[in-house]
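So you can see what is in the structure, the chains are spelled out below.
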Amino acid sequence: MIINNLKIQNFKNHQEQDFDFSKQINCFVGNNGVGKTNILDALHYLSMAKSFLGNKDLNNIKIEEDFFTIEGTIDDGEKENIIKIQQPKEAKKIIKKNDKSYDRIADHIGFLPSVIISPYDSNLISDSGESRRKFLDAMISQTDSEYLFNLIQYQKTVQQRNALLKDFAKNRYFDSDNLEIYNEPLIKFGSKIFEKRREFTDSIVPLIQNYYEIISKGKEKITVIYESDLSNNNFGDLLQQNLEKDRMLTYTSKGIHKDDLLFEMDGISMKRTASQGQQKSFLIALKLSQMNRIKELTGKTPILLLDDIFDKLDDTRVSQLIELVNQEHFGQIFITDTSRERTENVVKRINEESKIFGLS
């Protein structure tokens, strides 16, 4: 998958931009605050129909404007496709492929797979399990439309069950038979999600370990453990056993919406012991593994978005990363950096065609 052209209008701090890209490496260089990361975010919109920064769509409209537009020309190997995303202030977001609107935004996910490595990835280590669940869901959703459907249905059911629990508390009554209506869809969709998450995690861990060993030159051993309420319990039994607890808390306390990924280095939580460089190396290994797995499962090479990643890596780890990029043929790459000299040196070491765009 190759993005040949990107046009953006009224997106964040950019009034209007038009880029014709190299099929291999594209670099955005400039001082902090000029909007380099915002360009990558626009590219992420073309892939996932949302911001990788977690911003609400309306907040990405340039101040004092009424809409934003992102348009990309994408070569899928057979033909060029035009993806256009529009977000008006007073209406719903519209996504079109070749002038035809999607019935559901979810139908677009997977057409243009992407992987982004950015300073914000550190939240995956420091934040709560919700960040890691969202990351896991995004990884799998790009390769499995059925998984995305099951996830949406599960989340709707949890919301409905929680709303009923809150309604019981508000009106001071309880009807277990009414609540039990939600058990069947929770078990049905939740069990499928659990199996997919476990299978995906098992398949990606050896890749992460291999990439980390290359980047760090084998200095530490890392692993990823998938933790779920369903690992050693029947979901139906869990719901029944925690019925009174859910009634008191007014929300569903057990299920795959509480799953987590544990990141460990030499058997200890990375959050407690890993340095910034070690965390950065791990996150890069995690994302490169994601790329590898997406390519293997879909036959599509994801675009790789590298946001300011050279800042906290020492020369040795940068060298190992560049060597990996050369060996693995990751496809089209987009890089942001504040230093033109550093960017030019990095690009020279990657034996591919490149373009450097200066932003000011």
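Residues numbered from 1 in each chain as written. Predicted model: local features only at pLDDT ≥ 70, side-chain atom pairs only at ≥ 80, totals over all residues. Heavy atoms only, no water.

If you look the protein chain up in an unreviewed UniProt entry, it shows as DNA replication and repair protein RecF from Kaistella antarctica. UniProt lists a comment for the protein chain under the heading Function (unreviewed entry), and it reads "The RecF protein is involved in DNA metabolism; it is required for DNA replication and normal SOS inducibility. RecF binds preferentially to single-stranded, linear DNA. It also seems to bind ATP." (UniProt positions renumbered as here; feature names shortened; annotations may be inferred.)

J.: Quick one: what's the story with the nonpolar core, residue by residue and with numbers?
T.: Core analysis: the largest hydrophobic core is formed by 60 residues, its most contacted members being Y154, I208, F263, F282, L286, L288 and L304. A total of 12 residues in this core trace back to one element, the largest contributor, which is helix 6 (residues 183-216). Contact partners of L304, with chain neighbours within four places excluded, come to V115, I117, L288, M291, F330, Q332, I333 and F334. Of all hydrophobic cores here, the second largest spans 32 residues; its members include L6, F28, V34 and I303. (Core = buried A, V, L, I, M, F, W, Y, C linked by side-chain atoms within 4.5 Å. Buried < 20%, exposed > 50% of the residue type's maximum accessible area, 1.4 Å probe, protein only. Helix = DSSP H or I, 4+ residues; strand = E, 2+ residues; numbered from the N terminus. Contact = heavy atoms within 4.5 Å.)

J.: Give me unusual backbone geometry: which residues, what numbers.
T.: The phi dihedral of K12 falls on the positive side, at around 55°, and the residue is not glycine. As for its position among the elements, K12 is in the loop between strand 1 (2-11) and strand 2 (14-20).

J.: Account for the layout of surface pockets, with residues named and values stated.
T.: Here the largest pocket is characterised by a volume of approximately 1,600 Å³. Considering the residues around the largest pocket, the lining is formed by 47 residues, among which K50, E130, K134, F135 and A138 are closest to the centre. Put simply, the parts of the chain that give the lining of the largest pocket at least two residues each are helix 1 (36-48), strand 8 (114-117), helix 2 (123-126), helix 3 (129-141), helix 4 (145-171) and helix 10 (276-298). Per-element tally for the lining of the largest pocket: the top contributor is helix 3, with nine residues. Residues of the lining of the largest pocket, tallied by class, amount to 21 nonpolar, 16 polar and 10 charged. (1 Å grid on protein atoms, 1.4 Å probe; cavity = no way out; pocket = protein on both sides within 12 Å on 5 of 7 lines; lining within 4 Å. Points joined across faces, edges and corners; volume = space filled by probe spheres on them. Nonpolar A, V, L, I, M, F, W, Y, C, P; charged D, E, K, R; others polar.)

J.: Before we move on, can you summarise the sheet that holds strand 11 (residues 268-269) with the specific residues and values?
T.: Spatially, the three strands line up as an open sheet ordered 9-10-11, and their pairing is antiparallel. Sheet topology places strand 9 (222-227) and strand 11 at the edges, where each strand pairs with a single neighbour. Two strands pair when backbone bridges link them, and strand 9 and strand 10 (residues 260-265) are joined in this way by six bridges, in the antiparallel orientation. The partner of V224 across the bridge, within strand 10, is F263. Those strands touched by helix 3 are strand 9 and strand 10, and its axis lies near 100° from that of strand 10. Packing of helix 6 onto the sheet brings it into contact with strand 9 and strand 10, and relative to strand 9 it is tilted by some 175°. (Pairing = 2+ DSSP bridges. Axes fitted to C-alpha atoms, helices over the stretch in contact; angles between N-to-C directions.)

J.: Describe the UniProt feature "binding site: ATP" (unreviewed entry) in the protein chain, with residues and values.
T.: When the UniProt feature table is mapped onto this chain numbering, "binding site: ATP" (unreviewed entry) sits at G30, N31, N32, G33, V34, G35, K36 and T37. Along the chain, G35 turns up in the loop between strand 3 (25-29) and helix 1. Leaving out residues up to four positions away in the same chain, G35 has contacts with N13, H14 and L359. Every residue in contact with T37, bar those within four places of it in the chain, is listed here: F52, L53, D307 and T336.

J.: For the packing of helix 3 against helix 6, give the residues involved together with the corresponding values.
T.: At their nearest, the axes of helix 3 and helix 6 sit 11 Å apart, and the two run at 85° to each other. Here helix 3 lies roughly perpendicular to helix 6, going by the angle between them. Contacts between helix 3 and helix 6 involve R133, L136, D137, M139 and I140 on the former and, on the latter, K196, R197, F200, T201 and I204. For the contact of helix 3 with helix 6, the per-class residue count stands at five nonpolar, one polar and four charged. (Parallel < 35°, antiparallel > 145°, perpendicular 65-115°, else oblique.)

J.: Describe the pattern of salt bridges, with residues and values.
T.: Here the structure, examined in full by the defined rule, presents 16 salt bridges. We note a salt bridge from D260 to R132, for which the minimum N-O separation is 2.6 Å. Linking D260 in strand 10 with R132 in helix 3, this pair joins segments that are 128 residues apart in sequence. Residue D260 shares its accessibility class with R132, and that shared class is buried. Notably, a salt bridge pairs E296 with R293, separated by 3.0 Å at the nearest N-O pair. In this pair, E296 and R293 are both assigned in helix 10, three residues apart and thus about one turn of the helix distant. Residue R293 is classed as buried on the basis of its relative accessible area of 12%. (Salt bridge = Lys/Arg side-chain N within 4 Å of Asp/Glu carboxyl O.)

J.: Which residues make up helix 1, and what are the values?
T.: Its 13 residues give helix 1 an end-to-end C-alpha distance of 19 Å, which sits within 8% of 18 Å, the value for a rise of 1.5 Å per residue. Two residues or fewer after helix 1 comes A49, characterised by a positive phi angle close to 65°. (Expected span 1.5 Å × (residues − 1).)

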